[in-house]
Amino acid sequence: MFAAERRQLILEMVRANGAVSLRELARVVQTSEVTVRRDVRALEAEGLLDRRHGGAVLPGGFTRESGFPQKSHLSTAEKTAIADLAAGLVGEGEAIVVGAGTTTQELARRLARVPGLTVVTNSLLVAQALAHANRVEVVMTGGTLRGSNYALVGSGAEQSLQGLRVSRAFLSGSGLTAERGLSTSNMLSASVDRALVHAAAEVVVLADHTKLGSDTMFQTVPTELITRLVTDEPPLHDERAAAELQSLADQGVEVTVAGPDADAPGGDAPPPGSRPRRDMPLPGQRRTQNGALGPQLRSASALADVPGERGARVADLRRR
């Protein structure tokens, strides 16, 4: 492929998706990341796109949100690694909230194996991944369906979360910086994410390295409220992404980084469902809340109507 053809394809991918990693660009145009980086620099010099940590975004400073079909094909290996690690944070009988996103959808697929779990979510994709899980209860918020990411948003979703209390929230977003925290491009999604955060004792952000340093319009979680970040290993050349991770750690965020698969010949394979990890050792406290419930899809607004012992367990989720 000639340079002009490569750059045209790169430009089309960025325009279609809003943000694309160098890894993904190199895979699609079938060349090295070094060559892709040179092409991105040339396109940036023409004002056609902006470079970001390990990738490229639409020009103008703020990335826009891609739809689910585009997101589902981006950074798939990274999302898998992040979901593997994040699932290890969830214990049997815990009550959690899980926000919308393709990375949280991957997490939900792994949570299906955790018995006695209660998951509150506004995401149809998360609910679908858990709908047939044994001994996992899925509690859906109310709200209006946002078709681009299959999430329930609006006042109905926010009101159904009032009074809820769970051990931790798992959220994704469009961008993450040490200065501003987690952000997204849609006002309605941001508002629901803030309600999810308000319901949780701890906040875990799931974000691949392409989102590090990206800033979008609406803040969802300020840095000081993020308990832990689970991300993937940035490329070695991406010094800015590494600096962003260090800045987040300096502000008290516990950072867990998924490394490459440990399946090289002669190496020790990781346990099933796990990935190599690198932790930045920072203070972090894990809290577990028990309550084993059966598999159901329920509305969060109907929690108070559950009778008997089961209702008492669900009532424990409410903030006193």
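All of these numbers come straight from a predicted model, not from anything done at the bench.

S.K.: In this structure, what is going on with the overall build of the protein chain? I would like to understand it.
M.R.: Helix and strand counts for the protein chain come out as eleven helices and 17 strands. For the protein chain, with 320 residues in total, the buried portion stands at 54%. A separation of at least 24 residues holds for 69% of the contacts in the protein chain among residues at least 6 apart in sequence. For the protein chain, the exposed surface amounts to about 14,000 Å²; the carbon and sulfur share of it is 51%.

S.K.: Honestly, the pattern of salt bridges in this entry has me stumped. Any pointers?
M.R.: Counting across every chain of the model gives 13 salt bridges. In this structure, Glu94 and Arg168 form a salt bridge, with 2.2 Å as the shortest nitrogen-oxygen distance. Taken together, the residues span a long stretch of sequence, with Glu94 in the loop between α5 (76-87) and β4 (95-98) and Arg168 in strand β9 (residues 166-171) at a distance of 74 residues. The burial state of Glu94 is the same as that of Arg168; both residues are buried. The partner of Arg110 in a salt bridge is Glu106, with the nearest N and O atoms 3.1 Å apart. Remark: Glu106 and Arg110 occur in helix α6 (residues 102-111); sequence separation between them is four residues, near one turn of the helix.

S.K.: Would you mind going over α5 with me for this structure?
M.R.: Every α-helix winds through 3.6 residues per turn, so residues three or four apart in the chain are directed the same way. Its twelve residues place the ends of α5 16 Å apart at the C-alpha level, agreeing with the 16 Å of an ideal helix rising 1.5 Å per residue. Within α5, nine of the twelve residues are buried, which leaves it mostly tucked inside the rest of the structure. Looking only at α5, the buried set comprises Glu78, Lys79, Ala81, Ile82, Ala83, Asp84, Leu85, Ala86 and Ala87.

S.K.: It is not clear to me how the pairing of strand β12 (residues 200-206) should be interpreted in this structure. Could you clarify?
M.R.: Regular strands place side chains that alternate from one sheet face to the opposite one. Across the seven residues that make up β12, a large majority, six, are buried. Across five bridges, β9 lies against β12 in parallel orientation. Bridge pairing links Ala169 to Val203 in β12.

S.K.: Sorry if this is basic, but what is going on with the confidence of the model for the protein chain here?
M.R.: Segments scoring low in pLDDT should not have their predicted coordinates read at a detailed level. A residue-level look at the protein chain finds 74% of positions with pLDDT of 70 or above and a mean pLDDT of 78. Of all the helices and strands in the protein chain, helix α11 (residues 308-315) carries the lowest mean pLDDT, 37, while β4 carries the highest, 98. Contacts of residues 261-276 to residues separated by more than four positions or lying in other chains number 16 contacts, the stretch itself having pLDDT below 50. Counted against residues more than four places away or in other chains, residues 281-320, with its pLDDT under 50, gives 98 contacts.

S.K.: Please explain the packing of helix α2 (residues 22-29) against helix α3 (residues 33-45) as it appears in this structure.
M.R.: To describe two helices that pack against each other, one gives the angle between their axes and the distance between the axes. Taken N-terminus to C-terminus, the directions of α2 and α3 make an angle of 105°; their axes are 9 Å apart at the nearest point. It follows from the interaxial angle that α2 and α3 lie roughly perpendicular. Contacts from Leu22, Arg23, Leu25, Ala26 and Val29 of α2 reach α3 at Glu33, Val36, Arg37 and Val40. Per-class residue counts for the contact of α2 with α3 are six nonpolar, no polar and three charged.

S.K.: Could you clarify how one ought to interpret the nonpolar core in this entry?
M.R.: As a rule of thumb, soluble globular proteins bury nonpolar side chains together. Leu176, Val205 and Leu229 are the most contacted members of the largest nonpolar core, which has 34 residues in total. Sorting the residues of this core by element identifies β4, β9, α9 (187-198), β12, α10 (239-250) and β15 (254-258) as the ones contributing at least two each. In contact with Leu176, other than residues within four places in its own chain, are Gly181, Leu182, Val205, Ala207, Lys211, Leu212, Gly213, Ser214, Ile226, Leu229, Glu244 and Leu248. Grouped together as the second largest cluster of nonpolar side chains are 29 residues, Ala83, Val136, Met140 and Ala258 included.

S.K.: How do you make sense of a nonpolar patch on the surface when you look at a structure like this?
M.R.: Taken together, the side chains of Leu124, Leu145 and Tyr150 make up a nonpolar region of the molecular surface, amounting to roughly 260 Å² of accessible area. As for its placement among the helices and strands, Leu124 is situated in helix α7 (residues 124-130).

S.K.: Looking at this structure, how should I read α3?
M.R.: Under the 1.5 Å per step criterion, the end-to-end length of α3 is 18 Å for 13 residues, consistent within 8% with the ideal 18 Å. Taken residue by residue, α3 has Thr35, Val36, Arg37, Asp39, Val40, Ala42 and Leu43 as its buried positions. Gly47 occupies a position one or two residues after α3 and carries a positive phi of about 75°.

S.K.: Explain unusual backbone geometry here, please?
M.R.: Across residues other than glycine, the phi torsion is negative in most instances, and most of the peptide bonds are trans. In this structure, Gln30 takes a positive phi of about 60° despite not being glycine. Positionally, Gln30 belongs in the loop between α2 and α3. Positive phi, close to 55°, is recorded for Tyr150, a residue that is not glycine. Its place among the elements puts Tyr150 in the loop between β7 (144-146) and β8 (151-153). We classify Tyr150 as partly exposed; its relative accessible area is 36%.

Procedures and definitions
- Residues numbered from 1 in each chain as written.
- Predicted model: local features only at pLDDT ≥ 70, side-chain atom pairs only at ≥ 80, totals over all residues.
- Heavy atoms only, no water.
- Helix = DSSP H or I, 4+ residues; strand = E, 2+ residues; numbered from the N terminus.
- Buried < 20%, exposed > 50% of the residue type's maximum accessible area, 1.4 Å probe, protein only.
- Contact = heavy atoms within 4.5 Å.
- Areas by Shrake-Rupley, 256 points an atom, 1.4 Å probe, with all protein chains shown as cover.
- Salt bridge = Lys/Arg side-chain N within 4 Å of Asp/Glu carboxyl O.
- Expected span 1.5 Å × (residues − 1).
- Pairing = 2+ DSSP bridges.
- pLDDT = per-residue confidence, 0-100.
- Axes fitted to C-alpha atoms, helices over the stretch in contact; angles between N-to-C directions.
- Parallel < 35°, antiparallel > 145°, perpendicular 65-115°, else oblique.
- Nonpolar A, V, L, I, M, F, W, Y, C, P; charged D, E, K, R; others polar.
- Core = buried A, V, L, I, M, F, W, Y, C linked by side-chain atoms within 4.5 Å.
- Patch = residues over 30% accessible without salt bridge, like charges linked within 9 Å, V, L, I, M, F, W, Y side chains within 5 Å.

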